[in-house]
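# Working through the structure, step by step
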Amino acid sequence: MAGLKPGAPTPQSITVHGQSRVLEVGFSDGASFRIPFELMRIYSPSAEVQGHGPGQEILQTGKRNVELVDLEAVGNYAVQPTFSDGHNTGIYSWDLLYELGAKQAELWAAYEHRLAEAGVDRDAPMIEQGGHGCSSH
């Protein structure tokens, strides 16, 4: 998911809707998605969220009201958002944005399942992870 897949749809429009906290993305294949900032934040592709390998993902909580305070282009293949909680290390390729938009229902269901398994509420404050040895964030 790091870059564009050959022939994959590309964004034709990107609109930040601050009040409703969604990123609206229209793609070249006619698909258009309204991706909640919270969904983007909890599925950030950064190592801070994904860890450094399978099974190292960090469950994100307390992100319901997160806002998008900046959105910068990364070449011609991605955007890098800055969220109101200070998170700014995720680079969202066009492929990832398309996937987040197209699979919202199943991604939300997976998130709710992970919350239930952990016995944590969606709005609970993040628990400090600490000690994982990554110096990149």
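The coordinates are above.
Residues numbered from 1 in each chain as written. Predicted model: local features only at pLDDT ≥ 70, side-chain atom pairs only at ≥ 80, totals over all residues. Heavy atoms only, no water.

The next point concerns the pairing of strand β5 (residues 78-83). Across 6 bridges, the pairing between strand β4 (residues 68-74) and β5 is antiparallel. Along β5, the bridge assignment pairs Glu72 with Gln80. Direction of pairing for β5 relative to strand β6 (residues 92-93): antiparallel, over a ladder of 2 bridges. By the bridge assignment, Ala78 is partnered in β6 with Ser93. (Pairing = 2+ DSSP bridges. Helix = DSSP H or I, 4+ residues; strand = E, 2+ residues; numbered from the N terminus.)

By the definition in use, this model includes 4 aromatic pairs. Taken together, the ring pairs connect Phe27, Phe33 and Tyr98 into an aromatic cluster. (Phe/Tyr/Trp six-rings, centres within 6.5 Å; stacked < 30°, edge-to-face > 60°.)

Attention shifts here to the sheet that holds strand β2 (residues 22-27). Strand order in this open sheet of 3 strands is β1-β2-β3, and the pairing throughout is antiparallel. The sheet terminates laterally at β1 (11-17) and β3 (32-36), the two strands that pair on one side only. Each strand of the sheet is rotated relative to its neighbour by a mean of 15°, with strand direction disregarded. In this sheet, β3 lies alongside β2 in antiparallel orientation, the contact comprising 5 bridges. Within β3, the position partnered with Gly26 by the bridge is Ser32. Relative to β3, helix α3 (residues 94-102) is tilted by about 85°, and along the sheet it contacts β1, β2 and β3. (Axes fitted to C-alpha atoms, helices over the stretch in contact; angles between N-to-C directions. Contact = heavy atoms within 4.5 Å.)

Note that all results are geometric; they support no functional claim without further evidence.
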